[in-house]
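Residue-level structure breakdown
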Amino acid sequence: PTSGIGIADLPNQRHKIVAKRGTNFTLMVVGESGLGKTTFINTLFTTTIKEKKNQAKRHAKQTDKTVEIEITKAELEEKKFNVKLTVIDTPGFGDYVNNRDSWLPIVEFIDDQHESYMRQEQQPLRKEKLDLRVHACLYFIRPTGHTLKPLDIEIMKRLGSRVNLIPVIAKADTLTPADLEKFKRQVIAAQNIQVYQCPIESDDETSTKRNMNIMAAMPFAVIGSDQDVVTPDGRKVKGRQYSWGVAEVENEDHCDFKKLRSLVIRTHMLDLVSTTEEIHYENYRQSQMETRKF
Ligand code: GDP
């Protein structure tokens, strides 16, 4: 069994507890507007879970005109496993070319969630905690086919040191396969960006191979579409229609959507959750302990 939420890899006891309780999962999408973030999220969760933008809840703290933080909640059931999903979108980000600080509210949001969780942990009464720590951050890169923008590099550096960063090349259908490969290499070559690494080795060979395939596809090239279209050979698929044919969302020869979906909501969701707790939250906590010593 290669699908499922990944709980099969856990020792039995933990498995039971987790399966009963379900889990909270917070996914953040970052990138210039118009890159297909909303479409992608809707494609990922198949059913449209997202309300129109102006109806969604806004993060109270935000005052910055350039970036809004938008929070959408939904419940997912993957193979009888309950997931309370929160999607954090950041519309408007990067729209103002001159605003070099447009990433600030995003980074602050991530830090704020760690801070808030830390404070709750320090309370003597252990009530159920409000927890919006971001477990995975999909960073959408404009498919220019040229070099990565310095701003993209700068933001990804800052994100990667705080959160499980997963770079994504948006609208993969707009690049030729050769240009896409070249562009991927450009992204990989960018220095000092810490990207999420999923565990590779597993007890069974199939999973190990699957994990290797997933990691080899990073940065994931994605195609999003909320429409079903008919391919020239008569299949009804999610995709984008062109005069030359159909760019299919779930065709691995066309893009990495399936691998990314597997990573995020099937095989490695729990790893994303536990590494957030054990690495990113812990880093934050330690850095705060140090700065607060006087
Ligand atoms: P957001 O501002 O990043 O949330 O972007 P939207 O999801 O609103 O999409 C912006 C536009 O890009 C819409 O017209 C979408 O139909 C289109 N779009 C979304 N995903 C893709 C894709 O994978 N390929 C192409 N060619 N267009 C896309």
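Throughout what follows, the structure given in this document is the object of discussion. (Residues numbered from 1 in each chain as written. Predicted model: local features only at pLDDT ≥ 70, side-chain atom pairs only at ≥ 80, totals over all residues. Heavy atoms only, no water.)

**Digging into the environment of Gly245**
Selection criterion: Starting at the N terminus, helices and strands are each numbered in turn, a helix being any DSSP run of H or I of at least four residues and a strand any DSSP run of E of at least two. Using a 1.4 Å probe on the protein chains alone, a residue whose accessible area is under 20% of its type maximum counts as buried, one over 50% counts as exposed, and one in between counts as partly exposed. Contact definition: two residues touch when any of their heavy atoms are within 4.5 Å.
Within the secondary structure, Gly245 sits in strand S10 (residues 245-248). Classification of Gly245 as buried rests on a relative accessible area of 7%. In this structure the C-alpha to C-alpha distance between Gly245 and Pro232, which are 13 residues apart in sequence, comes to 6.4 Å. Filtering out sequence-adjacent residues up to four positions away, Gly245 remains in contact with Pro232 and Arg240.

**Points about the site of the ligand**
Basically, it comes down to this: Being near a molecule or strand, for a residue, comes down to having at least one heavy atom within 4 Å of it. Residues adjacent in sequence count toward polar contacts only when both atoms are side-chain atoms; beyond that, a polar contact is any pair of N or O atoms within 3.5 Å, and within protein one must be able to donate a hydrogen and the other to accept it. Here the open area of atoms and residues is found with the Shrake-Rupley method and a 1.4 Å probe, where only the protein chains shown may cover a residue.
Taken together, 16 residues sit near the ligand, with Gly34, Thr38, Thr39, Asp173 and Gly224 positioned nearest. In this structure, an oxygen atom belonging to the ligand sits 2.7 Å away from a main-chain N or O atom of Gly34. Starting from 590 Å² of accessible surface for the ligand in isolation, the protein chains cover 74%. Secondary-structure elements contributing two or more residues to the shell around the ligand are helix H2 (37-44) and strand S9 (236-242).

**Here's the deal with the pattern of salt bridges**
Should their charged atoms come close, side chains of opposite charge can pair. Threshold: Any carboxyl oxygen of Asp or Glu that lies within 4 Å of a side-chain nitrogen of Lys or Arg is treated as forming a salt bridge with it.
Within the structure shown, the criterion is met by 15 salt bridges. We note a salt bridge from Arg235 to Glu248, for which the minimum N-O separation is 3.0 Å. In this pair, Arg235 sits in the loop between strand S8 (228-230) and S9 while Glu248 sits in strand S10, placing the two residues 13 residues apart along the sequence. The exposure class of Arg235 is partly exposed, given its relative accessible area of 37%. Among the residues examined, Glu248 registers a relative accessible area of 8% and is labelled buried. When salt bridges with common partners are traced through the structure, they connect Glu32, Arg142 and Lys149 into a single cluster.

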